[in-house]
Amino acid sequence: MMKFYFSTSTCSTACHIALEELSLEYTPIEVSWKRDLNVSELNKLNPLGAVPVLISAQGKTLTQNTAILEYLADQKPSAQLLAGNGTWERSETMSWVAFVASDLQKAFTPFFQVKDISQSETAQTEIKDFAAKKIKTFLDHIENNLAGKNYITGNQFTIADAYLFTIIGWTKWVKISTLEYKNITNYMKRVFDRPAVQSVLKKENMLDYLQ
Ligand SMILES: N[C@@H](CCC(=O)N[C@@H](CS)C(=O)NCC(=O)O)C(=O)O
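For the chain, an unreviewed UniProt entry supplies the name Glutathione transferase GstA and the organism Fluviispira sanaruensis.

Student: Sorry, what's going on with the packing of helix H1 (residues 13-21) against helix H3 (residues 65-75) here?
Tutor: Angle between the axes and distance between the axes are the two parameters that describe a pair of packed helices. The contact between H1 and H3 brings their axes to 10 Å, and the two run at 0°. Relative to H3, the element H1 is oriented roughly parallel. Touching Ala14, Cys15, Ala18 and Leu19 of H1 are Asn65, Ile68, Leu69 and Leu72, all from H3.

Student: Looking at this structure, I do not really get the UniProt feature "domain: GST C-terminal" (unreviewed entry) in the chain. What am I missing?
Tutor: In the numbering used here, UniProt assigns the "domain: GST C-terminal" (unreviewed entry) feature to residues 86-209. Secondary structure within residues 86-209 divides into 69% helix and 0% strand; the distance between the first and last C-alpha atoms comes to 35 Å.

Student: Honestly, the domain arrangement of the chain in this entry has me stumped. Any pointers?
Tutor: Much of the literature gives interface size as the accessible area that the parts lose upon coming together. When the domains of the chain are assigned, the result is domain 1 (2-79) and domain 2 (88-194). Domain 1 and domain 2 are separated by 21 Å when their C-alpha centres are compared. Across the domain 1/domain 2 interface, buried area totals approximately 1,200 Å², and carbon plus sulfur atoms make up 67% of it. Applying the counting criterion to the domain 1 and domain 2 interface returns 3 salt bridges. For the salt bridge of Glu21 with Arg194, the shortest nitrogen-to-oxygen distance reads 2.8 Å. The tally of links between domain 1 and domain 2 comes to 4 residue pairs in polar contact (both at pLDDT 80 or more). Those elements that place two or more of their residues in the side of domain 1 that touches domain 2 are H1 and H3. Sort the elements by how many residues they give to the side of domain 1 that touches domain 2 and H3 lands first, with 6 residues. Residue composition of the side of domain 1 that touches domain 2, grouped by class: 6 nonpolar, 5 polar and 3 charged.

The rules behind each value
- Residues numbered from 1 in each chain as written.
- Predicted model: local features only at pLDDT ≥ 70, side-chain atom pairs only at ≥ 80, totals over all residues.
- Heavy atoms only, no water.
- Axes fitted to C-alpha atoms, helices over the stretch in contact; angles between N-to-C directions.
- Helix = DSSP H or I, 4+ residues; strand = E, 2+ residues; numbered from the N terminus.
- Parallel < 35°, antiparallel > 145°, perpendicular 65-115°, else oblique.
- Contact = heavy atoms within 4.5 Å.
- UniProt positions renumbered as here; feature names shortened; annotations may be inferred.
- Domains from an automatic or database assignment.
- Buried area = accessible area lost by both parts, 1.4 Å probe.
- Salt bridge = Lys/Arg side-chain N within 4 Å of Asp/Glu carboxyl O.
- Polar contact = N/O pair within 3.5 Å; in protein donor to acceptor, adjacent residues only side chain to side chain.
- Nonpolar A, V, L, I, M, F, W, Y, C, P; charged D, E, K, R; others polar.

Below, the structure is given as structure tokens:
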């Protein structure tokens, strides 16, 4: 059986949602740095010390949300979380996955690490303002692309939605309101209400995720 290393309220929630949407069998292993739970085990598996980590049924180790999401979706193509190899639809979904990983998620880093970047309060404010501006540009882009759609690539929930939902949720923690974005607000509620997403949010104690 697969093993899944995750930590609550982190980007690993995206892969957790994919696992539940696909009804795959897996052993969840929680990592907590605060409680020193499974941290040394994680560090042995991933020298970067980051979640998510997936151990395949054959005992191989996979890191990085993008790769794990793709691998999981391919375990059950009938669930249509990712279209087949060589299709335009697959590349479109992967384009959104790449956007979330490389653009959206990274834009939050200055918020979470601002005290490591600078001790100066003025500099910290400037850094956070810069990050907020970037995040708002990306939210505008998402809002425009959700017009007339239930999910980011159309009417089918995909791995891109599992990841996008997870990272948009971080706006609440950095106090960037998404309430004026009508499409995003409806989208977040739509994904939140999916039974598999509810199951993950319950397990990760995150039922207060929506703004
Ligand atoms: N590019 C990596 C990012 C992984 C990542 O940054 N994980 C964070 C949680 S969102 C983490 O484990 N941070 C702990 C640490 O780096 O000490 C991926 O997509 O998997």
